[in-house]
Amino acid sequence: MKILHITPEIAPWSKAGGLGDATSALAKNLAALGHEVRVASPLYGSVPGREKMGTLLDSLKVDVGGDPAKAACRVRSLELAPKAQAWFIEHEDYYGAREIYPAREDTAERAAFFGRAALDACLQLGWIPDVIHCHDWTTGLVPVLLNTTLKASPLGRCASVLSIHNLQHQGLLSRRILPFLRLPEWLFKAEELECLGGVNFLKGGILHATRVITVSPTYAQEILTPAFGFGLQDVVQRRQASLDGILNGVDLDEWDAHKDKHLAQTFSAQDLSGKRTCKQDLQKEFKLAQADVPLIGVISRLWDQKGLDLAVQVLPKFLRSDRLQFVLLGSGDSWLEQEYRRLADNFPGRAGVRIGYDHALSHRIEAGCDFFLMPSRFEPCGLNQMYSMAYGTLPIVRATGGLADTVRHWNPSTRQGTGIVFQHTDVGAVDWAIEQALALYARPDDFVSAQKQAMQAEFSWLKSAQAHLVCYGKAIQQH
Ligand code: ADP
Ligand code: GLC
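Since this is a predicted model, take the numbers as computed values, not measurements.

Considerations on the overall build of the chain
Argument step 1. Scanning the chain from terminus to terminus reveals 18 helices and 18 strands.
Argument step 2. Expected size for 479 residues packed as a compact globule is a radius of gyration near 23 Å; at 23 Å, the chain falls within 12% of this value.
Argument step 3. Its C-alpha atoms give the chain principal-axis dimensions of about 65 × 45 × 40 Å.
Argument step 4. In the chain, 73% of the contacts between residues at least 6 apart in sequence involve partners at least 24 apart.
Argument step 5. For the chain, the computed accessible surface area is about 18,500 Å², with 50% contributed by carbon and sulfur atoms.
Argument step 6. A distance of 2 Å separates the average location of the 50 positive side-chain charges in the chain from that of its 52 negative side-chain charges.

Structure below.
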């Protein structure tokens, strides 16, 4: 199969969260299964290593309205893996700045342009995919283009798939994007792309993609309901027959405790001694006491979704009585950053907080902690709980989306389980879950047994890629 991914993020070149990890791992695994894969995304100012890129198309005319001087780009490329190529859409005005999602007046154009550029690159190269797989709201108008403006072009025969990595971000923007993309005005109605007087990119993608994927089976059910649908539940319901939930996986090239170059010492399920060294190393790094108390970690965007406003209310009780240590790496809402900074200030030697983004430190936290906390209000898939398990760090998670699908609550009578799972989105539930974690840590045999079960849980991208191929097959048939 020829498969084109269109995505705003591809790790390690561009990554704001799990989307970047997911697209690059999926592309590599599809290629490993013998398919021809291309991944198109913007060349942001922050993308490293452009001197190693080739030039695929020096000047590509892109069929958009607006300022004609801006309707062209260059396409750079590099090999992701044998049979997999990344295409970077280079356009100084749109993507030259460092940020992936800056607040700008031309957000709609900036998002729409790279999708259309990827399609025009295919036409120009005569490389016509069997499936075009779009990711999240920025690419939502691609399936709409394929069904309308480009229907009579060679791309009209491509099936399209849209992955929803997060339904909260929809791209509700000005209707001026329709003439910009040369889309027909009849699309501007409530049964189509219109939403609250604007054009909703993600709604367009959900309605027009041949099939829709979400990144876990539980999230695929949740988004049919008002509590998780962010106003699009009716739209998702219309596509229910073409909706699949497919779990992401763990990229073992990146997250393997046995050969992780970021760690003070590597380790495995058979020999956990290196994990103790990693804990001491992390305690040193955050100036925590070198004590044998359970260490809980967080690596996260500090946004409402992640429920870390609940955790910050509960943690002082445990820190005050010296029953745990805590480290956090993250950034986001400034008031929450402030709350966590204050937590670290109030409990020196017990809590450490690093506001910012730090790839190597994220590995050391996964390896050095005993528990990893994710009290998410909703979590389409979540990758960190899987990375944690691979590192023998037991996740403490709320039973939602991919967290519910990947973590098994520890059952003391059967001695089976891979973490702590709680149900409710409130302070009491987080408190309960941390108490459960501390009780488990206090029984070393049980704790080690849970660690080993967690490390043996398999979250393979190959399996995920195979499930995607089944979905692509259905999409091609449906189309
Ligand atoms: P989301 O995409 O909703 O943020 P995921 O769990 O799917 O959540 O993925 C988050 C990814 O981003 C993980 O790879 C995680 O390690 C990484 N990450 C998040 N915040 C940071 C940070 N401050 N520093 C380094 N990595 C981070
Ligand atoms: C989104 C979701 C997260 C998911 C990631 C990759 O950022 O918030 O749950 O793991 O996409 O699919």
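What to know about the site of ligand 1
Argument step 1. The full set close to ligand 1 counts 20 residues, and Gly18, Asp21, Arg301, Lys306 and Gly356 are the nearest of them.
Argument step 2. Within the side chain of lysine 15, a nitrogen or oxygen atom sits 3.0 Å from an oxygen atom of ligand 1.
Argument step 3. Between ligand 1 and glycine 18 there is a distance of 2.6 Å, counted from an oxygen atom to a backbone nitrogen or oxygen.
Argument step 4. In isolation ligand 1 has 560 Å² of accessible area, and contact with the protein removes 93% of it.
Argument step 5. The set of elements that each furnish at least two residues to the shell around ligand 1 consists of α1 (18-32), β13 (295-302), β14 (325-332) and α14 (384-390).
Argument step 6. Considering each element in turn, the shell around ligand 1 owes the most residues, 3 residues, to β13.
Argument step 7. In terms of residue class, the shell around ligand 1 is built from 5 nonpolar, 9 polar and 6 charged.
Argument step 8. Domain assignment of the residues forming the shell around ligand 1 places at least three in each of domain 1 (2-249 + 462-478) and domain 2 (273-458).

Section: the site of ligand 2
Argument step 1. Around ligand 2, the structure places 13 residues, and the nearest of them are His165, Asn248, Glu379, Cys381 and Gly382.
Argument step 2. At 2.5 Å from an oxygen atom of ligand 2 is found a side-chain nitrogen or oxygen belonging to glutamate 379.
Argument step 3. Interatomic distance of 3.0 Å between a backbone N/O atom of cysteine 381 and an oxygen atom of ligand 2.
Argument step 4. For ligand 2, the protein covers 93% of the area, taking 310 Å² as the surface of the free molecule.
Argument step 5. When residues of the shell around ligand 2 are sorted by domain, at least three fall in each of domain 1 (2-249 + 462-478) and domain 2 (273-458).

Cut-off values and rules
Here, residues in each chain are numbered from 1, in the same order as that chain's written sequence. For this description, chains carry letters from A and ligands carry numbers from 1, given in the order in which they are written. Per-residue local features are limited, in this predicted model, to residues with pLDDT of at least 70; the limit for side-chain atom pairs, both in listing and counting, is 80 or more; totals at the level of whole chains, interfaces and linings are taken over all residues. With hydrogens and water stripped out, all remaining heavy atoms of the structure feed into the side-chain values. The helix count covers DSSP runs of H or I at least four residues long, the strand count covers runs of E at least two residues long, and both are numbered beginning at the N terminus. What the globule rule says is 2.2 Å times the number of residues to the power 0.38, and the radius of gyration is computed from C-alpha atoms. Two residues qualify as a contact provided that any one of their heavy atoms is within 4.5 Å of a heavy atom in the partner residue. Using a 1.4 Å probe, the Shrake-Rupley method yields the accessible areas, and only the shown protein chains count as cover for residues. Positive charge is attributed to Lys and Arg, negative charge to Asp and Glu, and no charge count is given to His or to the chain ends. Each charge is placed at NZ for Lys, CZ for Arg, CG for Asp and CD for Glu. Whether a residue is near a molecule or strand depends on its heavy atoms: it is near if one of them lies within 4 Å of it. What qualifies as a polar contact is a pair of N or O atoms within 3.5 Å, subject to a donor-acceptor requirement within protein and to the restriction that residues adjacent in sequence count only when both atoms come from side chains. Residue classes follow a fixed rule: Ala, Val, Leu, Ile, Met, Phe, Trp, Tyr, Cys and Pro count as nonpolar, while Asp, Glu, Lys and Arg count as charged, and any other residue, Gly among them, counts as polar. Bear in mind that the domain bounds are from an automatic or database domain assignment.

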